[in-house]
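An overview of the molecular structure
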Amino acid sequence: MGTPAPAELISPRSPRVAAARRLARRNFRTKERRFIAEGPQAVREAAEHRGAAGATLIELFVTVEAAERYDDIVEAALAAGARVHYASDETLAEVSQTVTPQGLVGVCHFLDTSFEEVLKAGPRLVAVLAHVRDPGNAGTVLRCADAAGADAVVLTDASVDLYNPKSVRASVGSLFHLPVAVGVPVEQAVEGLRAAGVRILAADGAGEDDLDAELDAGTMGGPSAWVFGNEAWGLPEETRALADAVVRVPIHGKAESLNLATAAAVCLYASARAQRAPGGCRSVTPS
């Protein structure tokens, strides 16, 4: 079923456009507890997502061309109770936070959960972003955690804003798939997860423990939380000291190191594999 053509386009001077444009700034996002999701994948996920207070998608700004191409997304937005505003390319550019808008911009309710709810669910695999400042990396790690089947992601109070437009885009919709707790002090995150029976693993290139050795020893089959640090300088000593083990990803070639998102993907998938394997994924290589 096609989407009917709009009677008129929203004015670029509309208060709704101005309100959406303000969400580019963190202080307005925090005050309104709303954020922007752009592009077909993110908007589709937002339209289908339901939080504790109901539908997540509040408004949708869409060009006529995009409405025709993605009529299923527009219909899903309407079904979710969102207000749909048809806009010119110029008006959409006013609310978009990308260089090349894709014709769909959604305004969404915040959807983070409390750390207490994360613990209550009895998580087996958690990613803790302890000092991650780059929004693109934060979103990509969230996407990796989602792909690896993690139960939750925790962003500490020293990490980037979850709703930074770059974080949202880099998550490619994964933001809507799993619980995310924000603003948790790293000490509280570690203490809470350990009390819930979760082993704390700090990912660090200078770690004493080797990821391959951990897998061979069969020690990674239980609940685990990976703590990831800053892109440039890793984890501070006081954070490493909180962990049960400080684990490095082995570099078998000549690369100097792995970037944060790549290392996170390797670590999370290693835990996911170990948790699904008999005997904790012990090596089958003869000794």
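Scroll up a little and you will see the structure.
Conventions used here
- Residues numbered from 1 in each chain as written.
- Predicted model: local features only at pLDDT ≥ 70, side-chain atom pairs only at ≥ 80, totals over all residues.
- Heavy atoms only, no water.
- Helix = DSSP H or I, 4+ residues; strand = E, 2+ residues; numbered from the N terminus.
- Polar contact = N/O pair within 3.5 Å; in protein donor to acceptor, adjacent residues only side chain to side chain.
- Contact = heavy atoms within 4.5 Å.
- Pairing = 2+ DSSP bridges.
- Salt bridge = Lys/Arg side-chain N within 4 Å of Asp/Glu carboxyl O.
- Buried < 20%, exposed > 50% of the residue type's maximum accessible area, 1.4 Å probe, protein only.
- Arc of directions from axis to C-beta.

Along the chain, the position of Asp 204 falls in the loop between strand E10 (199–203) and strand E11 (209–210). A polar atom in the side chain of Asp 204 sits 2.8 Å from the backbone nitrogen of Ala 206. Setting aside residues no more than four positions away along its own chain, Asp 204 makes contact with Leu 235, Arg 240, Val 246, Val 247 and Arg 248.

Right, let's get into the sheet that holds strand E8 (residues 152–156). In space, the seven strands of this open sheet follow the order E9-E8-E7-E12-E10-E13-E11, with parallel pairing throughout. The open sheet has two free edges, formed respectively by strand E9 (180–184) and E11, since each of these has just one partner strand.

This part is about the pattern of salt bridges. Pairing between side chains of opposite charge can happen when their charged atoms approach one another. Under the counting rule described, the total for this entry stands at 13 salt bridges. Residue Arg 16 pairs with Glu 59 through a salt bridge whose shortest N-O separation is 3.0 Å. Of this pair, Arg 16 sits in helix H1 (residues 15–22) while Glu 59 is found in strand E4 (residues 57–62), placing the two residues 43 residues apart along the sequence. Owing to a relative accessible area of 25%, Arg 16 belongs among the partly exposed residues under this scheme. Here Glu 59 falls in the buried class, since its relative accessible area comes to 3%. For the salt bridge of Arg 69 with Glu 65, the shortest nitrogen-to-oxygen distance reads 3.0 Å.

Right, let's talk about H1 for a bit. When H1 is considered as a whole, its buried residues turn out to be Val 17, Ala 19 and Ala 20. Summarising the axial view, the buried residues of H1 lie within an arc of 160°, below the 170-degree limit, and thus occupy one face. The inward-facing, buried residues of H1 contact strand E1 (34–38), E4, helix H6 (89–95) and strand E6 (104–109). The opening residue of H1 is Ser 14, an N-cap whose side-chain oxygen sits 3.1 Å from the backbone nitrogen of Arg 16.

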